[in-house]
Amino acid sequence: MKNLVPPAALLPPAGGVTAQLRQQYASVGHEQLDSRGPAFPEGLQLPGISALIQESWQRSVQLHANPDNPEAPLAMDREELEEYRRQHPLAAIMPVIHKLLVLPSHDSGMLVAVGDEVGRLLWVEGDAAMRRRAEGMMFVPGADWSEATVGTSAPGTALALGRGIQISGAEHYKRSVHPWSCTAVPFHDPDSGALLGVVDITGTESAVAPHTLSLVEATVAAAQAHLRVERLQLAAARQTSPRRRNQASASHSGRGASAAAGSLYRNSLQLLGRDQALLSIDGRTVSLSARHSEILILLSIHPEGLNAEELCTLLYPGEASTMTLRAEMVRLRKVLHQLKPEAVPESRPYRLPMDLVPDSGQVLNCLQRGAHRIALEIYRGAVLPRSEAPGIAELRTRVSSLLREAVLTDGSAESLLKYAELPEARDDVGVRTAALKLLPLRSPKRAAVVADLERLDQELGA
């Protein structure tokens, strides 16, 4: 193996690592990984490379990201992308992103990207020449830049860690990205705190200058404030007279679809760890009854619709009359009509007329893409834990088991300990044993894990 750094220099200098040495250490680290095949041995330490990068490389190996594939995969075609962007809450912040980041980037050789919560790029703007270069690695709208797909990169790794980061040159896992550097910061909903996406600056060395991270963080803060103001204006417009409301709607339309109600909010159903779901449509939230919660989640995961018999089978244990279901649907329609008439389910088959994103679906989507840390952040507990509806019980088991399997297979000690705090993991010996194996011998967290295992041993042995 040819080392770019002499063996005697494999330890960082006392004064810290310069930018040039940082790249040399990263290049040597890649060579060391290549020499070990498709595995990242437990306990492997790569000199001169930060723990953040090493942990991300380890996750990249575990998630089978291919460092030699030059291009990121396209996750959405043009038509899907346009519709998805139009409905996404991040569309409302693009005027702020454009003013604070995109316009200055045209003369600085930078690209500005905005992606969704699972790492799919929705907008890539900035210097025209750099955009053409970036097409070679498929850093384009619609491409999947999650850590599970391309390995270590600022957009994907910022989402995986839930904080702003900078990735320089050869610190990227994919070789085709080594000429690039990038800074990225996650974007959270200013009202709910939910993860909505990521804002990224990509370019040459200046993209990881110390002030760049502060610039992106400040831009995200300004964009969050802008989104909150847009929502307050929309709420105020709803309280005005019909004439004033129409004028307000026209004003929003004049600024484009990005300010429309459908793109300021994501219609959602929060049911993880709850016995009664919270339904949010266009920023208005209502608590549903247990039965209505079950009906809406079943319809949301069957967008093609369900006839009365199919919905009965998924909703009621044992045999039930479709008349009982129809009476329940009448009550549900009244609730939804008060919230938004356009949200009332259709009949024959029963079907939701608009997209509704359940938090359980977000967890499954993240797990499918290998983003188990994001899935764990979203997961607040089992799906409607007290529900006995067959369709809900099946969904609950599926989400819970897939998350546990992902955390055990690919998780760090931190992820395992976070999972162990969930009510359903209170008696999970396997998770605690796995965490104990990964914790350093001198970690102060080991004592609590050992105490938990001793408690479980006593309780299960009693």
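One can find the structure itself at the top, above this paragraph.
An account of the accompanying structure is given in this report.

Rules behind the numbers
- Residues numbered from 1 in each chain as written.
- Predicted model: local features only at pLDDT ≥ 70, side-chain atom pairs only at ≥ 80, totals over all residues.
- Heavy atoms only, no water.
- Pairing = 2+ DSSP bridges.
- Helix = DSSP H or I, 4+ residues; strand = E, 2+ residues; numbered from the N terminus.
- Axes fitted to C-alpha atoms, helices over the stretch in contact; angles between N-to-C directions.
- Contact = heavy atoms within 4.5 Å.
- Buried < 20%, exposed > 50% of the residue type's maximum accessible area, 1.4 Å probe, protein only.
- Core = buried A, V, L, I, M, F, W, Y, C linked by side-chain atoms within 4.5 Å.
- Polar contact = N/O pair within 3.5 Å; in protein donor to acceptor, adjacent residues only side chain to side chain.

Ordered in space as β2-β1-β5-β4-β3, the five strands form an open sheet in which the pairing is antiparallel. Across the chains shown, the open sheet's two edge strands, defined by having one partner strand only, are β2 (121-126) and β3 (165-168). Each adjacent strand pair in this sheet contributes to an overall mean axis angle of 20°, direction not counted. Here four bridges tie β3 to strand β4 (residues 181-188), and the two strands are oriented antiparallel to one another. Bridging from a neighbouring strand, Q166 pairs with T183 of β4. Strand contacts of helix α3 (residues 78-87): β1 (111-116) and β2, with the helix running at about 90° to β2, the strand carrying the most contacts.

Bringing unusual backbone geometry into the picture now. The phi angle of most residues is negative, glycine excepted, and most peptide bonds adopt the trans form. With omega at 0°, the peptide bond leading from R348 into P349 counts as cis. When you line up the elements, P349 lands in the loop between α13 (322-339) and β9 (357-358). At R348, a residue that is not glycine, the phi angle is positive and equals roughly 50°. For L384, which is not glycine, the phi torsion reads 35° and is therefore positive. Within the fold, L384 resides in the loop between α15 (372-378) and α16 (390-410). By relative accessible area, which is 1% here, L384 ends up buried.

On to the nonpolar core. Of all hydrophobic cores here, the largest spans 84 residues; its most connected members are L269, L279 and L325. Element by element, the count of residues in this core is highest for α16, at six residues. Within the second largest apolar cluster, 27 residues are counted, among which are A91, M94, I97 and V216.

In spatial order, the strands read β8-β7-β6-β9; together these four strands make up an open sheet with mixed pairing. Sheet topology places β8 (284-287) and β9 at the edges, where each strand pairs with a single neighbour.

A word on helix α18 (residues 429-438). Taken as a whole, α18 has its buried residues at V431, R432, A434, A435 and L436. As for α18, its buried residues are in contact with α16, α17 (413-420) and α19 (446-461). Measuring from the backbone nitrogen of G430 back to the side-chain oxygen at the start of α18 gives 3.2 Å, which picks out D428 as the cap.

Here D127 lies in the loop between β2 and α5 (128-134). Side-chain polar atoms of D127 contact the backbone nitrogen of M130, separated by 2.9 Å.

In strand β7 (residues 278-281), alternate side chains face the same way, and those of L278 and S280 on one face and L279 and I281 on the other are all buried. Where strand β6 (residues 268-270) and β7 come together, three bridges link them in antiparallel fashion. Each bridged residue has a counterpart across the sheet, and for L269 the counterpart in β7 is L279. Pairing analysis gives four bridges linking β7 to β8, with the strands arranged antiparallel. If you follow S280 over to β8, its bridge partner there is T285.

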